[in-house]
Amino acid sequence: MRKDFGSKPWFYPMPVLVIGTYGDDGRADAMTAAWGGLYEADMVELCLSHSHKTFDNIIAHKAFTVSFADMAHLREADYVGLVSAHSEPDKLARAGLHTEKSAFVDAPVITEFPMALECELVKVTEDGNVIGRIVNISVDEAVLAGDGKPDAAKLKPISYDGVRNEYFVLGENVGSAFHDGAVLK
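As recorded by an unreviewed UniProt entry, the protein carries the name Flavin reductase family protein and is attributed to Candidatus Scatomorpha intestinavium. Its UniProt record, at the heading Sequence similarities (unreviewed entry), says of the protein: "Belongs to the flavoredoxin family." UniProt, in the comment section headed Cofactor (unreviewed entry), describes the protein in these words: "FMN".

Help me understand a nonpolar patch on the surface in this model?
Taken together, the side chains of Phe-5, Trp-10, Tyr-12 and Val-163 present a nonpolar region at the surface, about 400 Å² in accessible area. With respect to the helices and strands, the residue Tyr-12 is situated in the segment before strand S1 (14–15).

What am I meant to see in the nonpolar core here?
In a soluble, globular protein the nonpolar side chains are often hidden away together inside. With 16 residues, the main nonpolar core has Ile-19, Phe-64, Val-66 and Val-130 as its most contacted residues. Of all the secondary structure elements, the ones that give two or more residues to this core are strand S2 (17–22), strand S3 (28–33), strand S5 (43–46), helix H1 (53–61), strand S6 (63–68), strand S9 (115–124) and strand S10 (130–139). Top contributing element to this core by residue count: S9, with three residues. By size, the runner-up hydrophobic cluster in this structure holds 14 residues, among which are Ala-30, Ala-77, Ala-95 and Leu-97.

Help me out: how do you make sense of the sheet that holds strand S12 (residues 166–169) in this one?
Spatially, S1-S11-S12 is the arrangement adopted by the three strands of the open sheet, whose pairing is antiparallel. Because the sheet does not close on itself, it has two edges, and the strands there are S1 and S12. Here S1 runs beside strand S11 (residues 158–161); their pairing, made up of two bridges, is antiparallel. Across the sheet, residue Pro-15 finds its bridge partner in S11, namely Ser-159.

So what exactly am I meant to see when it comes to the pairing of S6 here?
One face of the sheet, then the other: side chains in a regular strand alternate in exactly this way. Counting buried positions along S6 yields five of six residues, so the element is predominantly enclosed. Pairing of S2 with S6, which is carried by four bridges, proceeds in the antiparallel orientation. Note on S6: the bridge partner recorded for Val-18 is Ser-67.

Even after reading the chapter, I still don't get H1, so can you show me in this structure?
Counting along an α-helix, one turn takes 3.6 residues, and residues three or four places apart therefore face a common direction. Among all positions of H1, only Thr-54, Phe-55, Asn-57 and Ile-58 are buried. Here the buried residues of H1 occupy an arc of 165° about the axis, which is enough to place them on one side. Looking at the buried residues of H1, the elements they touch are S2, S3, S6, S9 and S10. With its phi angle positive at about 60°, Lys-62 sits one or two positions after the end of H1.

Honestly, the pairing of S2 in this entry has me stumped. Any pointers?
Counting buried residues along S2, six of its six residues qualify, which places the element largely inside the surrounding structure. Neither face of S2 is exposed, since Leu-17, Ile-19 and Thr-21 on one face and Val-18, Gly-20 and Tyr-22 on the opposite face are all buried. Alignment of S2 against S3, held across six bridges, turns out to be antiparallel. Note on S3: the bridge partner recorded for Ile-19 is Met-31. Following S2, the chain reverses through five residues before pairing antiparallel with S3; Gly-26 in that reversal takes a positive phi of roughly 85°.

What's the story with the layout of surface pockets in this structure? I'm lost.
Gaps left between atoms show up when a probe the size of a water molecule is rolled over them. For the largest pocket, the calculated volume is near 550 Å³. Residues belonging to the lining of the largest pocket are distributed by class as follows: 20 nonpolar, three polar and two charged. Around the second largest pocket, the lining is made up of 27 residues, and of these Met-31, Thr-32, Ala-33, His-52 and Gly-81 lie nearest the centre. Elements with a minimum of two residues in the lining of the second largest pocket: S3, H1 and helix H2 (74–82). A per-class count over the lining of the second largest pocket returns 15 nonpolar, eight polar and four charged.

What's the story with the side chain of Thr-65 in this structure? I'm lost.
Among the secondary structure elements, Thr-65 is positioned in strand S6. Residue classification places Thr-65 among the buried residues on the basis of a relative accessible area of 0%. Among the polar contacts listed, one links the side chain of Thr-65 to the backbone oxygen of Pro-108, at a separation of 2.6 Å. Apart from the residues lying within four places of it in its own chain, the contact partners of Thr-65 are Val-18, Ile-19, Gly-20, Ala-107, Pro-108, Val-109, Leu-117 and Glu-118.

Rules used throughout
Residues numbered from 1 in each chain as written. Predicted model: local features only at pLDDT ≥ 70, side-chain atom pairs only at ≥ 80, totals over all residues. Heavy atoms only, no water. UniProt positions renumbered as here; feature names shortened; annotations may be inferred. Patch = residues over 30% accessible without salt bridge, like charges linked within 9 Å, V, L, I, M, F, W, Y side chains within 5 Å. Areas by Shrake-Rupley, 256 points an atom, 1.4 Å probe, with all protein chains shown as cover. Salt bridge = Lys/Arg side-chain N within 4 Å of Asp/Glu carboxyl O. Helix = DSSP H or I, 4+ residues; strand = E, 2+ residues; numbered from the N terminus. Core = buried A, V, L, I, M, F, W, Y, C linked by side-chain atoms within 4.5 Å. Buried < 20%, exposed > 50% of the residue type's maximum accessible area, 1.4 Å probe, protein only. Pairing = 2+ DSSP bridges. Arc of directions from axis to C-beta. Contact = heavy atoms within 4.5 Å. 1 Å grid on protein atoms, 1.4 Å probe; cavity = no way out; pocket = protein on both sides within 12 Å on 5 of 7 lines; lining within 4 Å. Points joined across faces, edges and corners; volume = space filled by probe spheres on them. Nonpolar A, V, L, I, M, F, W, Y, C, P; charged D, E, K, R; others polar. Polar contact = N/O pair within 3.5 Å; in protein donor to acceptor, adjacent residues only side chain to side chain.

In structure tokens, the structure reads:
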């Protein structure tokens, strides 16, 4: 038996993305967003309200970073999503987060988050979504596997459950993509 809930914004899993930008004053800023993902093989799409300082910063600097929030920094990621830079311009420092300038785009990389997509603005869609091209992906060596690629079990990215407003950690390998279903052919 199934239960109907009607139309809701329930989607699993929703990544917890921390968007890094620079303000007009050169100060690094970040906000947490769950509504975003891949747009094309080398692009991301973010659904951001135009009222966010982050949106204005992206338009002004034509760049942003997308970090994957991890279990070790759940509170910090949640904090930068709760607090607006309009009311707390130094929220990164209050969260205990640090940045370094990306070598590829005019945006900050938040050093505590072990993986970041460094993006240049491509366009804002007619719906108002931000599309960015990934020009580099920087990953802390501590979360790399023996093959030199990111390891989800080491990264421990968190996802957002919009049904219950909870976070969950990802990382357990439960199968092999493009392989396990082959037994059904």
